[in-house]
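# Examination of the molecular architecture
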Amino acid sequence: MVSRSESERLKLEADTIMTRYQKVEQALERARNEDGEHWETGELEMTLETPNGEEIDVALDLHTNPARSAQARYDQVAEHEAEQERRQQIADQLDPLPADPVAYLICYHLDAVEGNYPKSIAGHLDAERSQVRTLCKEMEQLGLLERVESGTVKQRRVKAKMANEVRQHHTYYRLSRDGDHLLRFLSEREGKVNVLRHLPDGNAIVQRLSRTGPDAPRTTAAEWEMEFEYVRHLYRTLRRVGLVTQCDGEPIDGEARSAMDRTYYATTETGDDVLEAVGSE
């Protein structure tokens, strides 16, 4: 897979070959009838003037005519553009989701309980009520959540509440069809790859764990000078997506930690695979 800059270079080479077709054809014909280093590589290197009037060095296959040389380059460009479009379509599926780990956790929570209100959601996620309330409203506007009449909500699967208990006078939310599709996307490899694009700090955490081994959120937050709650939610989100897992690992520096620091995480095989995919782009 070529990069964007390589793709632009290939297109320029192809355009140049076609606009200097006769010159290229004559140079190839001479080279085929002469001895030289070009027979060792099978290529003839030429300096040509681009359609813009600039000079460019082009390597031409001795055994291929100019039209085919140009077309081979156009084909590579087309493959690159098709792949970029495919990746953009995949990335677009995460566009509606706020780049906040708590937004991910809200989706997973509502998938489990089928409907809940912000105060209760915040309690389950150990998150700030105001943050959860704001995210729920935003995600509703973006089409990931939908409001539910409180009288129709039966929280049979909420562990903290009795079966069928419903709180009146609360704004309940549940996943919309788009929200459900988003979670299914996150269960796929391409979805997990895009999580690391969508959450740069999450990407950095997976890189850290892959490089140094198990670590605790509080340690990461202290070393990176980030808010502990934010980092903790990042770790939890990465675990729900399947990129990291809780473990009984030891601290990086081998020193004893307090009880609050004893929740360690390590990358999963999936996490390492996804990290490699993102790093190779």
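Use the structure listed above.
Residues numbered from 1 in each chain as written. Predicted model: local features only at pLDDT ≥ 70, side-chain atom pairs only at ≥ 80, totals over all residues. Heavy atoms only, no water.

## Here we look at the environment of Val244
The criterion, for reference: Helical segments are the DSSP runs of H or I of at least four residues, strand segments are the runs of E of at least two, and each set is numbered from the N terminus.
With respect to the secondary-structure elements, Val244 resides in strand 5 (residues 244–247). Each C-alpha atom, one on Val244 and one on Gly271, is 6.2 Å from the other, the two residues being 27 residues apart in sequence.

## Regarding the environment of Leu234
Threshold: Burial classes: relative accessible area under 20% of the type maximum marks a residue as buried, over 50% as exposed, and values in between as partly exposed (1.4 Å probe, protein chains only). Every residue pair with non-hydrogen atoms within 4.5 Å of one another is taken to be in contact.
Along the chain, Leu234 falls in helix 12 (residues 228–241). We classify Leu234 as buried; its relative accessible area is 0%. Separated by 33 residues in the primary sequence, Leu234 and Asp201 place their C-alpha atoms 7.9 Å from one another. The residues touching Leu234, leaving out its near neighbours within four places in the chain, are Pro101, Leu199, Asp201, Gly202 and Ile205.

## So, the nonpolar core
Just so we agree on the cut-off: Grouping buried Ala, Val, Leu, Ile, Met, Phe, Trp, Tyr and Cys residues that are joined through side-chain atoms within 4.5 Å yields what is termed a nonpolar core.
Grouped together as the largest cluster of nonpolar side chains are 47 residues, with contacts concentrated most on Leu97, Ile106, Met139 and Leu243. The dominant element in this core, judged by the number of residues it contributes, is helix 5 (residues 101–113), at nine residues.

## Here's the deal with the pattern of salt bridges
We apply this condition: By salt bridge we mean one thing: a side-chain nitrogen of Lys or Arg within 4 Å of a carboxyl oxygen of Asp or Glu.
The tally for this structure, following the rule as stated, stands at twelve salt bridges. We note a salt bridge from Lys11 to Asp15, for which the minimum N-O separation is 3.2 Å. Residue Lys11 and its partner Asp15 are located together in helix 1 (residues 4–19), separated by four residues, close to a single helical turn. A salt bridge links Asp126 to Arg232, with the shortest nitrogen-to-oxygen separation between them at 3.1 Å. You can see Asp126 sitting in the loop between helix 6 (118–125) and helix 7 (129–141) and its partner Arg232 sitting in helix 12, a full 106 residues away along the chain.

## Some remarks on the pairing of strand 1 (residues 43–49)
The condition that has to hold: Pairing between strands requires that DSSP locate at least two bridges from one strand to the other.
Burial along strand 1 is one-sided: the residues Leu44, Met46 and Leu48 are buried and none of Glu43, Glu45, Thr47 and Glu49 is. The pairing of strand 1 with strand 2 (residues 55–61) spans seven bridges and is antiparallel. Across the sheet, Glu45 pairs through a bridge with Ala59, a residue of strand 2. Hairpin connection from strand 1 to strand 2: five residues lie between these consecutive antiparallel strands, with Gly53 at a positive phi of about 90 degrees.

## Observations regarding the layout of surface pockets
Quick note on the threshold: Two kinds of site are reported from a 1 Å grid over the protein atoms alone, namely cavities, where a 1.4 Å probe fits but cannot get out, and pockets, open sets with protein on both sides within 12 Å along at least five of seven lines, and residues are called lining when an atom falls within 4 Å of a point. Grid points are joined across faces, edges and corners, and a volume is the space filled by probe spheres set on the points. Amino acid classes used here: Ala, Val, Leu, Ile, Met, Phe, Trp, Tyr, Cys and Pro are nonpolar; Asp, Glu, Lys and Arg are charged; the rest, including Gly, are polar.
Estimated volume of the second largest pocket: approximately 170 Å³. Lining the second largest pocket are Asp100, Pro101, Val102, Asp126, Ala127, Glu128, Gln131, Glu227, Glu229, Tyr230 and His233. Per element, the largest residue contribution to the lining of the second largest pocket is three residues, and it comes from helix 12. Grouping the constituent residues of the lining of the second largest pocket by class yields four nonpolar, two polar and five charged.

## Structural notes on helix 13 (residues 269–279)
Because the α-helix completes a turn every 3.6 residues, residues three or four places apart line up on one side. Cut-off, in case you're wondering: The directions considered for the arc are those from the helix axis to the C-beta atoms.
Taken residue by residue, helix 13 has Gly271, Val274, Leu275, Ala277 and Val278 as its buried positions. What you see down the axis of helix 13 is that its buried residues fit within an arc of 160 degrees, all on one side. Facing away from the buried surface of helix 13 by more than 90 degrees, the exposed residues are Glu269, Glu276 and Gly279. Where the residues of helix 13 are buried, they touch helix 9 (189–198) and helix 10 (200–212).

## Considerations on the packing of aromatic side chains
To keep things clear, this is the line we draw: Here the aromatic set is Phe, Tyr and Trp, taking the six-membered ring for Trp, and pairing holds for ring centres within 6.5 Å; pairs whose planes are under 30 degrees apart are stacked, those over 60 apart are edge-to-face, and all others are tilted. Whether a charge sits over a ring depends on NZ of Lys or CZ of Arg being within 6 Å of the ring centre and within 35 degrees of the ring normal.
Throughout the structure, instances matching the rule amount to two aromatic pairs. Centroid distance Tyr117 to Tyr172: 5.2 Å. Interplanar angle 70 degrees. Geometry classified as edge-to-face. Of the two residues, Tyr117 is situated in the loop between helix 5 and helix 6 and Tyr172 in strand 4 (residues 172–175); the sequence distance between them amounts to 55 residues. Taking relative accessible area as the criterion, Tyr117 reaches 6% and is therefore assigned buried. Here the aromatic rings of Tyr235 and Tyr265 are separated by 4.9 Å at their centres, their planes lie at 35 degrees, and the arrangement is tilted. Of this pair, Tyr235 sits in helix 12 while Tyr265 sits in strand 6 (residues 264–267), and the two are 30 residues apart along the sequence. Both residues of the pair, Tyr235 and Tyr265, belong to the buried class. Its end group placed over the ring of Phe228, Arg218 keeps NZ or CZ at 3.9 Å from the ring centre.

## Describing helix 1
Inclusion rule: Helix span is expected to be 1.5 Å times the residue number reduced by one.
The terminal C-alpha atoms of helix 1 lie 23 Å apart, and with 16 residues this matches the ideal 22 Å at 1.5 Å per residue to within 8%. Among the residues of helix 1, those classed as buried are Ser7, Leu10, Glu13, Ala14, Thr16 and Ile17.

## Some points on the packing of helix 10 against helix 13
Short version of the rule: In this analysis an axis means a line fitted to C-alpha atoms, helices contributing only their contacting stretch, and an angle means the value between N-to-C directions, from 0 to 180 degrees. By definition, any crossing whose near helix is turned counterclockwise from its far helix by less than a right angle is left-handed, and any crossing with a clockwise turn is right-handed.
Contact geometry of helix 10 with helix 13 gives a least axis separation of 10 Å together with a crossing angle of 115 degrees. The hand of the helix 10/helix 13 crossing is left-handed. Counting all contacts with helix 10, which are made through Asn203, Val206, Gln207 and Ser210, the residues of helix 13 involved are Gly271, Asp272, Leu275 and Val278.

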